[in-house]
Amino acid sequence: RAKAEGRGRWRFFEPEMDARMQLRRALETDLRRALAMGEFELFYQPIVAVASRQVSGLEALIRWRHPERGLVPPDAFIPLAEETGLIVPMGEWVLARACADAVSWPGSPKVAVNLSPAQFASRGLVEMVAQALRNSKLDPAKLELEITETVMLQDTEATLTTLHRLKALGVRIAMDDFGTGYSSLSYLQKFPFDKVKIDRSFTQELGRSPQSNAIVRAVTDLCAALDMTTTAEGVETEEQLEALRRKGCREAQGYLFSKPRPAADIAGLLDKLDRESRAGALVSSELV
Ligand code: C2E
Ligand code: MG
Ligand code: MG
Ligand code: MG
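Residues numbered from 1 in each chain as written. Chains lettered and ligands numbered in written order. Predicted model: local features only at pLDDT ≥ 70, side-chain atom pairs only at ≥ 80, totals over all residues. Heavy atoms only, no water.

Moving on, we get to the site of ligand 1. The environment of ligand 1 is made up of 25 residues, and the closest members are Arg63, Asn114, Asp176, Glu236 and Tyr255. The separation between an oxygen atom of ligand 1 and a polar side-chain atom of aspartate 177 is 2.9 Å. Glutamate 236 has a polar side-chain atom sitting 2.5 Å from a nitrogen atom of ligand 1. With the chains in place, 85% of the 800 Å² that ligand 1 exposes on its own is no longer accessible. Breaking the shell around ligand 1 down by element, the ones donating at least two residues are β2 (55-66), α4 (87-103) and β6 (172-178). Examining the composition of the shell around ligand 1, we find that four residues originate from one element, β2, more than from any other. Across the shell around ligand 1, the residue classes tally to nine nonpolar, seven polar and nine charged. (Near = heavy atom within 4 Å. Polar contact = N/O pair within 3.5 Å; in protein donor to acceptor, adjacent residues only side chain to side chain. Areas by Shrake-Rupley, 256 points an atom, 1.4 Å probe, with all protein chains shown as cover. Helix = DSSP H or I, 4+ residues; strand = E, 2+ residues; numbered from the N terminus. Nonpolar A, V, L, I, M, F, W, Y, C, P; charged D, E, K, R; others polar.)

Let us now look at the side chain of serine 136. Secondary-structure assignment places serine 136 in helix α6 (residues 125-136). Overall, the relative accessible area of 14% leaves serine 136 in the buried class. From its side chain, serine 136 meets the backbone oxygen of leucine 133 in a polar contact 3.4 Å long. Polar side-chain contacts of serine 136 include one of 3.2 Å to the backbone nitrogen of leucine 138. Setting aside chain neighbours within four positions, we find serine 136 in contact with Cys99, Ala100 and Val103. (Buried < 20%, exposed > 50% of the residue type's maximum accessible area, 1.4 Å probe, protein only. Contact = heavy atoms within 4.5 Å.)

Moving on, we get to unusual backbone geometry. For serine 108, which is not glycine, the phi torsion reads 35° and is therefore positive. Along the chain, serine 108 falls in the loop between α4 and β4 (110-114). The exposure class assigned to serine 108 is partly exposed, which follows from its relative accessible area of 41%. Within the chain, aspartate 227 stands out as a residue other than glycine whose phi angle is a positive 70°.

Written as structure tokens, this is what we have:
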């Protein structure tokens, strides 16, 4: 601080920096308290087969039910949770909760859980996943772990080892937000992904930009050749869904089918989507 006062140009920024640090510390304290108090909730969003519109899985998306601020989205607290390491106990709770919820759903759809790079780099990850499976008795094949490209940038050998150990448990691995980070096609060959999720920035440009059309087509073809499923994120319109169908994209996720919904709504939502997909199948068979 004395040093800062010695330099005129620092003094101007100092109060602002202090305020930001204080806000950060307050949020960190609040996050710890929230975890202890059980203020986090999982919402779920269906993932649907493009051809049949049948639900194949649901993605778990964390929310913070804050006593004063209401429902807080993950972008507002996940980055700080990662920086402080709180993501590890938070992620353990997410995994356990998601596996427990999944065994209760009718039709045994898959459940997808997001893993952050900090969790991936933490020591106990594989054992934590194994434990969540044991405790819930969820079929490992019904659990899908989503990781982003940032994970691939970390120690490659360690990442590969962890991925293979996770695969050995019988769970599936998906690459999330494909195309937004430091994407490299070599990742698709090098790492054992079962699925690639095409980021919604591409989906939402479908039909509007020839580049996005070409990228979605190329990724879908490549993944098919490598025996991986493609899921398009952020599907909001029938036009986008139709474009995805023509490009051979297998699965879709987005507001067109449902926004993320609280766990308590999921059995009802699955029932509604099941009836809709049957009705849709009937309509298309009448058209033929
Ligand atoms: P993500 O894994 O890529 O999840 C998809 C995000 O897109 C979700 O935002 C979802 O609500 C949103 N979305 C889905 N369909 C549509 C659509 O049609 N249109 C638009 N505009 N958006 C759509 P959400 O729930 O705010 O989550 C944001 C991110 O936070 C997630 O991105 C994921 O990276 C992270 N996250 C969420 N839950 C967890 C968690 O339990 N653990 C970790 N580590 N990260 C999480
Ligand atoms: Mg995800
Ligand atoms: Mg994503
Ligand atoms: Mg995302």
